[in-house]
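Spelled out from the first residue to the last, the chains are:
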Amino acid sequence: MDDGLDLTLLPAAVSPLVAAEVAGAPRRCRVLAAFPTCLYLDLGAHERVLAVLASDAVALPIGLVVARPSAQLSWGVDPGAHVVVGEGRVRLPRAEVVAARLQRPARVRPTTRGAGSPHGLPEAGLPDAGVLGDLARDLTSAALADRTVEPGVRGLIGVGRGLTPSGDDVLCGVLLTLAAVDTPRSRRARSAVRTAVRTVLPWTTSLSAALLVAAGEGYAVPDVVRLVTRCVAGSTDRTDGPERPQDRQIRPTSPSLDPSRGMTELVARVLAIGHTSGRDLLSGVAGALRAVDALDPAQEGAPRG
């Protein structure tokens, strides 16, 4: 960014998940965290966070994405400072980020469980899901069986360190997997987990709470959406939202290429998200898929209870 005194206007694309606050009346918002690629702003309610993102940042579904890479940006604020959000822009000390257009975030769409997909993640080199995967499996199994899910949710929410604790990433994986499985039982299970999560959002960080709410509606980082869809349906066709170059899955360009290579590359990119967020989220997906695969199809039409 230029070091002169002129105010720099930065055009950006805003997610519909946060567009109302960006377009609303101006308000002072506290900076929750500042990194070279992103700025997290408190929008008031605990679970309402705006992520101002450079074009090379992880494409969070709650974002206002600037059309410049981080190497060309300097936010000029530190955590605890305040900026003004409203009237279609974010006012920084030396720049204004202007919401010039809407950008639809990636979203998991319900689809039919594909043949052979239960082993998609291990074949792609996913590390052992471990204890977190077991907790995700147990929570998903309880939800699918119409049993209480509150103990499982409370055992995960806010557990771990950082802006998005490990337990929350696992819960996101569970919610996204259930959103991708198109059965009445899975829809009931997702609703139960989502409701239980919402009651304990104050137990975790604001950023993590915002991402949990988004995951409850099927929204996530594009590569995560593609991976969940691939694991459930055996393809990446039923996703929603744009592809940016850094999010794009490597797809075979000729029949001679191994289709599994795309999945391996996709898992590697998800694992690279954050310090442990990608790994923890995949543990949630893997555990949830084990519970879905263990469900007897004959039980799908069984009465609740």
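A brief look at the structure comes next. (Residues numbered from 1 in each chain as written. Predicted model: local features only at pLDDT ≥ 70, side-chain atom pairs only at ≥ 80, totals over all residues. Heavy atoms only, no water.)

Before going further, it helps to spend a moment on helix α3 (residues 130–144). Along its 15 residues, α3 runs 21 Å from first to last C-alpha, staying within 8% of the 21 Å computed at 1.5 Å per residue. Those residues of α3 that are buried are in contact with α4 (150–154), α5 (166–180), α6 (184–199) and α10 (277–294). Downstream of α3 by a residue or two, Asp146 has a phi angle that is positive, lying close to 60 degrees. (Helix = DSSP H or I, 4+ residues; strand = E, 2+ residues; numbered from the N terminus. Expected span 1.5 Å × (residues − 1). Contact = heavy atoms within 4.5 Å.)

Applying the stated criterion to the full structure yields 14 salt bridges. The shortest N-O distance in the salt bridge between Arg188 and Asp146 comes to 3.5 Å. Placement of the pair is Arg188 in helix α6 and Asp146 in the loop between α3 and α4, with a sequence separation of 42 residues. Classification of Asp146 by relative accessible area gives partly exposed; the value is 22%. (Salt bridge = Lys/Arg side-chain N within 4 Å of Asp/Glu carboxyl O. Buried < 20%, exposed > 50% of the residue type's maximum accessible area, 1.4 Å probe, protein only.)

With that out of the way, let us pick up the pairing of strand β1 (residues 8–14). Counting buried positions over the seven residues of β1 gives five, a clear majority of the element. When β1 meets strand β8 (residues 95–102), the two strands line up parallel, connected through seven bridges. Bridging across to β8, Thr8 finds its partner in Ala95. Alignment of β1 against strand β5 (residues 63–66), held across three bridges, turns out to be antiparallel. Bridge assignment links Ala13 to a residue of β5, and that residue is Val65. (Pairing = 2+ DSSP bridges.)

Below, the discussion takes up helix α7 (residues 206–216). Burial within α7 is extensive, with eleven of its eleven residues counted as buried. Of the residues making up α7, those classed as buried are Ser206, Leu207, Ser208, Ala209, Ala210, Leu211, Leu212, Val213, Ala214, Ala215 and Gly216. Here the buried face of α7 lies against β2 (27–35), β3 (38–42), β4 (49–53), α5 and α6. One or two residues past the end of α7 sits Gly218, with phi positive at roughly 90 degrees.

Secondary-structure assignment places Thr199 in helix α6. With a relative accessible area of 52%, Thr199 lands in the exposed category. Sequence spacing of Thr199 and Val153 is 46 residues, and the spatial spacing of their C-alpha atoms is 9.9 Å.

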